[in-house]
Every structure is written in structure tokens, then in C-alpha cells.
Amino acid sequence: MTIGQDGRVRTVEEHQAVVDALLPPMPAETVALAGAHGRVLALDVVAEVPLPGFDNSAMDGYAGRWAELASADGSPVRLPVAEDIPAGRTDVVPLAPGTVHRIMTGAPLPPGADVVVPVELTDAGTEVVEIRDRPPIGSHLRAAGEDIAAGTVALSAGAPLAAAQLGLAAAVGVRELSVRVRPRVLILSTGSELVAPGQPLARGQIYESNSVLLAAAVEEAGGLPRRLHFVPDDVDQFLATVRAELGRRGDGPVDLLVTSGGVSAGAYEVVKDAFATLGTVEFGKVAMQPGGPQGAGTVDGVPVITLPGNPVSAFVSFEVFVRPALRRSLGHAFPDRLRAPARLTSPLRSPAGRRQFLRGRYDAGQVSQVGGPGSHLVAHLARANCLVVVPEDVTELPAGAEVDVVLIEGALQ
């Protein structure tokens, strides 16, 4: 089967919709807070306690009554220090008139106090303190619940759980979180010319890199990758290997198979030839560069996305189609990469009728192209920190023109 039975080339958005439809939402599971880093929240987290949990001091200093901290002539005021309140003290007594309490950052505010004088504005006395300046009333106080009130949503479903989010979950008393199960992704590169890195190369052979690239990309997207040792360009061996791997249950069921290579229009296109016999995977062209040859469907009920074999084409195809689909299946509130407008530092040309994704370096609102458009230029890809998106109807742009850039991670500095 070919994309669009009449041979019509799909738009980027049309193929994105096809890939998205292959991956249903992942189920939820409950994990301990310590094991939730990098996961995606499946259910809202409601604060069990307010933050802060009580009125407390934002500074090391002295808690007092604002009206008692200034003399009529503006000279320093001396007041007895009635109590010491370190952080963690629970038996805090009310503030008696005409006194102050020495207080540490985070310690509970004594009832009756309406200001904290930083120690820097005093002589730091422990029995009697001299207050040399009076800050405005209400200064250096943290009110109970001013950050978040008890019973309100602290984290919304779809939030990725990084350091700050896990810190908040712990701060509101949560021990376990409901998160999306990470999809298991089997990655397979094809090609008789491929050799494992570190092995001797014969003439005409190259080191296999796509599975390493794609496994890292899957992991960054939130999936659990498993690389399958690449197989030569033999249809029967390829199909037997794939079906055996999809049937394995030792590592859990496979949620997605991603292949690279073997999908173009030439001879010896093993992925295309093998899956064509099943009639459940469509192959054809998408109006983009790099990454025109694409395929998508199912094999034995498992979603399959077939990517082109050139490394840059595989990377761009993953970014455009696979990564957002994986993140949607994980319930990400914002599955797409961040985008930004940028001004070109030099002119560029682009083929008509195809959306171009050029490697670029984005900095302070400007973007420069990294390397040429060739889909084999891996070193240039490694130096890029964005993809410059040129629409299908644009063939050339001058320096200074505004373009849309997709911000990507992991570039060399």
C-alpha cells in the first residue's frame, strides 16, 4: 500500500495525525515519590496542607509590634528579648507588649507580631536588643497559605515531574503519585552495510548509529527504549526477527516499534518489502525535507512507525512525528517542543512544495544555519540547538527575515 492510494503526497499534518492515532493513551500506575522523577502525572495532586503551613519569618531577626519599634525623636529603640524562636519550635508563646522575640528564618511567628526586623538593623542582642531602623509594617513575614491553600490543586495532570514538581509534591505531604506507564519502544535499524561501533570496517560499511540516536530520543521523550541488533537486508529474516521480538514478553509487551532505513523507493528496501506482504503498514512520501519517505501502521497489532535511514532524516522524522505522539500518549499537557521566532543571520533557499527543517543555532532572537541540507551531516546535527522551519510555499528568504524555530536539546556548546 502507498500513502494515499492515488499516490498523493501527504502533508506533515496529515502524517502527524496518522502517527498520533496509532498510540493510545498509556494507562496509569502508582509509584513512590522517589521513583517519579521524569514521569508524567496522570491525576491532579491536591495539597493536603497549606504552604506555608503557618505564619513564619522570612529573615533571621526579631519579631515585634511595629508601633513599638520607633521612638518619637527617631533614635534607636531598646527592647527586652523575651523568647528565642528557632526553626522547628512548636511551643511558641504570644508576644508580650513592649518585648520582641529573637526569631530565625522559617520559625513560626508569635501571635501579636506584625513585623520582623532583620538582624542587620540591630545590634544582635540576646537579652536586650537595640533596633536601629524600623522596616514597614508586615515586612519579612510569610503568611500561612500564601503559596498554596490546602485542598487546592498543587500539580495538574499532564505535568512532567522534574525537581521542582517533586519538591512541591513532597512539601504538600504526598508520598505516592499516579503517573503514566512509560511506553516500551523497540528500535530496529536495517542495512547490510551496518557494523557495530568499535568493530573493523570493510570498504562500503559504516558504523550503525541510528539505533543509538533513536533510543536516546525515545528516552528523552519519556519512553523505555530497547535496541534490537540490526538485521541484514533479507525480507524473510527481517520479518521473522521482528515478529519474534514483538512476541517476547520477558521485558513486557512492546507498545511501539520504530524502524530506520529500508523505506525509500529503490531496490533492497527491506522494511518496505517485508511489511508490504502484511498489508497493514502504509508507505509513501510526506511533503518535507529531510525525511520524505515515511511509513506507519501495525504489525501483529503493535503500532509501527518506519523512518528513513539517513541519520538526520531519522532524527528530524522522530522530532516531527514520533516524539509528539509519544508525549501525547503519556498525557503531557504540552507535548510539542517550544518554538520561537528568530531572525536569519544569512539568506537561505528551500525547495518548493516541501516543508524544510534546517539545522540551526539559535541565540538571542537570531538563528544561523548549521551546515547544508544534506541528510548525512551528523556532525552538523550535533551542533544544532534548533530546527529552522521553512514553509512549503517559501523558496528563499533574505538575511533578517523572521522564521519559526523549533528548540531542541542536547546540542554541543
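In this report, we go over the structure that sits alongside the text. (Residues numbered from 1 in each chain as written. Predicted model: local features only at pLDDT ≥ 70, side-chain atom pairs only at ≥ 80, totals over all residues. Heavy atoms only, no water.)

1. So, the packing of helix H3 (residues 210–221) against helix H6 (residues 311–329)
Packed helices, taken two at a time, are described by the angle between their axes plus the distance between the axes.
Inference 1: Packing of H3 against H6 brings their axes to within 10 Å, and their N-to-C directions diverge by 25 degrees. As summarised for this structure, H3 and H6 are arranged roughly parallel, according to the angle between their axes. Crossing geometry of H3 relative to H6 is assigned as right-handed. Residues Asn210, Leu213, Leu214, Ala217, Val218 and Ala221 of H3 form the contact with H6, whose own contacting residues are Pro311, Ala314, Phe315, Phe318, Arg323, Leu326 and Arg327.
Inference 2: Grouping the constituent residues of the contact of H3 with H6 by class yields 10 nonpolar, one polar and two charged. (Axes fitted to C-alpha atoms, helices over the stretch in contact; angles between N-to-C directions. Helix = DSSP H or I, 4+ residues; strand = E, 2+ residues; numbered from the N terminus. Parallel < 35°, antiparallel > 145°, perpendicular 65-115°, else oblique. Left-handed = near helix turned anticlockwise from the far one by under 90°. Contact = heavy atoms within 4.5 Å. Nonpolar A, V, L, I, M, F, W, Y, C, P; charged D, E, K, R; others polar.)

2. A short note on unusual backbone geometry
Inference 1: That bond from leucine 51 to proline 52 is cis: its omega, -15 degrees, falls within 30 degrees of zero.
Inference 2: Mapped onto the secondary structure, proline 52 falls in the loop between strand S2 (45–46) and strand S3 (56–57).
Inference 3: Of note, the amide linkage connecting glutamine 289 to proline 290 takes the cis form, showing an omega dihedral of -5 degrees.
Inference 4: Looking at the secondary structure, you find proline 290 in the loop between strand S18 (288–289) and strand S19 (293–299).
Inference 5: The backbone of histidine 140 sits at a positive phi, close to 60 degrees, despite the residue not being glycine.

3. A short note on the packing of helix H1 (residues 12–22) against H6
Inference 1: One can describe the packing of H1 onto H6 by two numbers: an axis separation of 9 Å at closest approach and a directional angle of 40 degrees. Overall, the two elements H1 and H6 adopt an arrangement that is oblique. In the packing of H1 onto H6, the handedness of the crossing is right-handed. Contacts between H1 and H6 involve Val12, His15, Gln16, Val19 and Asp20 from the former and Val320, Phe321, Ala325 and Arg328 from the latter.

4. Looking at the sheet that holds strand S6 (residues 100–103)
Inference 1: Pairing is mixed across the open sheet formed by five strands, whose spatial order is S7-S4-S6-S5-S8. Either end of the sheet is taken by a strand with one partner, and the two such strands are strand S7 (115–118) and strand S8 (128–131). Across this sheet, the average inter-strand angle for adjacent strands is 40 degrees, counted without regard to direction.
Inference 2: Across four bridges, the pairing between strand S4 (residues 61–64) and S7 is antiparallel. (Pairing = 2+ DSSP bridges.)

5. Some thoughts on the packing of aromatic side chains
Inference 1: Per the counting criterion, the structure on display carries one aromatic pair.
Inference 2: Considering the side-chain rings of phenylalanine 238 and phenylalanine 275, the 5.4 Å spacing of their centres and the 55 degrees angle between planes classify their relative orientation as tilted. A residue pair is termed long-range when its members are at least 10 positions apart, and phenylalanine 238 in helix H4 (residues 235–247) and phenylalanine 275 in helix H5 (residues 270–276) qualify at 37 residues.
Inference 3: In this structure phenylalanine 238 comes out as buried when scored by relative accessible area, which is 0%. (Phe/Tyr/Trp six-rings, centres within 6.5 Å; stacked < 30°, edge-to-face > 60°. Buried < 20%, exposed > 50% of the residue type's maximum accessible area, 1.4 Å probe, protein only.)

6. Details of the nonpolar core
Inference 1: If you look at the biggest cluster of nonpolar residues, it comprises 33 residues, and the most contacted ones within it are Leu256, Met288, Val316, Phe318, Phe321, Val322 and Leu326.
Inference 2: Contributing elements (two or more residues each) for this core: H1, strand S12 (184–190), H3, strand S16 (256–260), strand S20 (302–307), H6 and strand S25 (386–390).
Inference 3: Residue contributions to this core peak at nine residues, all from H6.
Inference 4: When near neighbours in sequence (up to four residues on either side) are disregarded, leucine 326 contacts Leu23, Pro183, Val185, Val218, Ala221, Leu256 and Phe318.
Inference 5: Core analysis: the second largest hydrophobic core is formed by 19 residues, Leu239, Val254, Ala274 and Val302 among them. (Core = buried A, V, L, I, M, F, W, Y, C linked by side-chain atoms within 4.5 Å.)

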